[in-house]
Amino acid sequence: MPLPRPTPRVVVAMAMVAAVLGRIPSLQWPLRPDEAGFLLVARGWHPEPDSMFGTYWVDRPPPIIALFKLSDWIGGPYFIRVIAALAAALFVLAAAGTARRLGEYAGARDADRIGAWVAVATAALTSHAAIDSVAAKGEILGLPVVMASCWFATTAPVRRSGGQAAAAGALATLAIGLKQNLFGGPGLRRRPAGGGAGDLAPWTAATSAGSRPRPSPVP
């Protein structure tokens, strides 16, 4: 007898599990330069009048440093990768929900199946090289927030929910705090890639009286 076809909800759940399992092997890999740099800044975070983060500086917004600090406090340096795995699952769920809602707007016959197919595609996307299937970087931490914002934004008009509309705006703003180039639009150009350990710099002493401390790259 042929096996019964799984329901769209089951497909979405399986895609979420696959997205998490795809990142589990990363728990055995050493921290990458970006992760180690963010963790170093988070552990030494002590704001000063002329430095947002204190002794060390990294060209990232405070929310992602705060997330690394919280993650380190909860489960140590590698717990951020557990958070990244959960973020991948949230990315899949939010993408499926958004696609289903848009399918309903378009009058599709089976919007649930559309959401299920999008969930499968999104699960595959979480292992793309641009997102990095090993390191917990701004992309995998920020994209689920963007997609959740889209989900709330497409659901709020249907339910006439001011709370969901506010949540959509708050999440969209938070996403910029996790990865700056998640904010885009006409006339905005993406900064070339190349950040990493070189973005991290300690504040060195002034070389002459009256001069301000300037960062120097960590070798």
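(A) Main features of helix α4 (residues 79-105). With 27 residues, α4 extends 39 Å between its outermost C-alpha atoms, agreeing within 8% with the 39 Å of an ideal straight helix rising 1.5 Å per residue. Positive phi shows up at Gly107, right after α4, with a value of about 80°.

(B) Structural detail: a nonpolar patch on the surface. Together, Val17, Leu21, Ile24 and Leu27 give the surface a local cluster of nonpolar side chains, amounting to about 340 Å² of exposed area. Tracing the sequence through the fold places Val17 in helix α1 (residues 8-21).

(C) Summary view of the pattern of salt bridges. Following the criterion strictly, the structure yields 8 salt bridges and no others. In this structure, Asp112 and Arg100 form a salt bridge, with 3.9 Å as the shortest nitrogen-oxygen distance. In this pair, Asp112 sits in helix α5 (residues 111-125) while Arg100 sits in helix α4, placing the two residues 12 residues apart along the sequence. Classification of Arg100 by relative accessible area gives partly exposed; the value is 26%. When the shortest N-O distance is used, the salt bridge between Arg101 and Glu104 registers 2.8 Å. Remark: Glu104 and Arg101 occur in helix α4; sequence separation between them is 3 residues, near one turn of the helix. Residue class for Arg101 comes out buried when judged on its relative accessible area of 12%. Glu104 gets classed as partly exposed once you look at its relative accessible area, which sits at 39%.

Here is what the cut-offs are and how they apply
- Per chain, residue numbering runs from 1 following the sequence as it is written.
- This being a predicted model, a pLDDT of at least 70 is required before a residue's local features are given, and a value of 80 or more before pairs of side-chain atoms are given or counted; all residues contribute to the totals for chains, interfaces and linings.
- Note: side-chain values were computed over all heavy atoms of the structure, leaving out hydrogens and water.
- Here a helix means four or more residues in a row that DSSP labels H or I, a strand means two or more in a row labelled E, and each is numbered from the N terminus.
- Helix span is expected to be 1.5 Å times the residue number reduced by one.
- Without a salt bridge and with relative accessible area above 30%, a residue can belong to a patch; like charges are then joined within 9 Å and nonpolar side chains (Val, Leu, Ile, Met, Phe, Trp, Tyr) within 5 Å.
- Using the Shrake-Rupley algorithm and a 1.4 Å probe, accessible areas are obtained, with residue cover drawn only from the displayed protein chains.
- Just to be clear on terms, a salt bridge is a Lys or Arg side-chain nitrogen sitting within 4 Å of an Asp or Glu carboxyl oxygen.
- Here's how the labels work: a residue is buried when its accessible area is under 20% of the maximum for its type, exposed when over 50%, partly exposed in between, all with a 1.4 Å probe on protein chains only.

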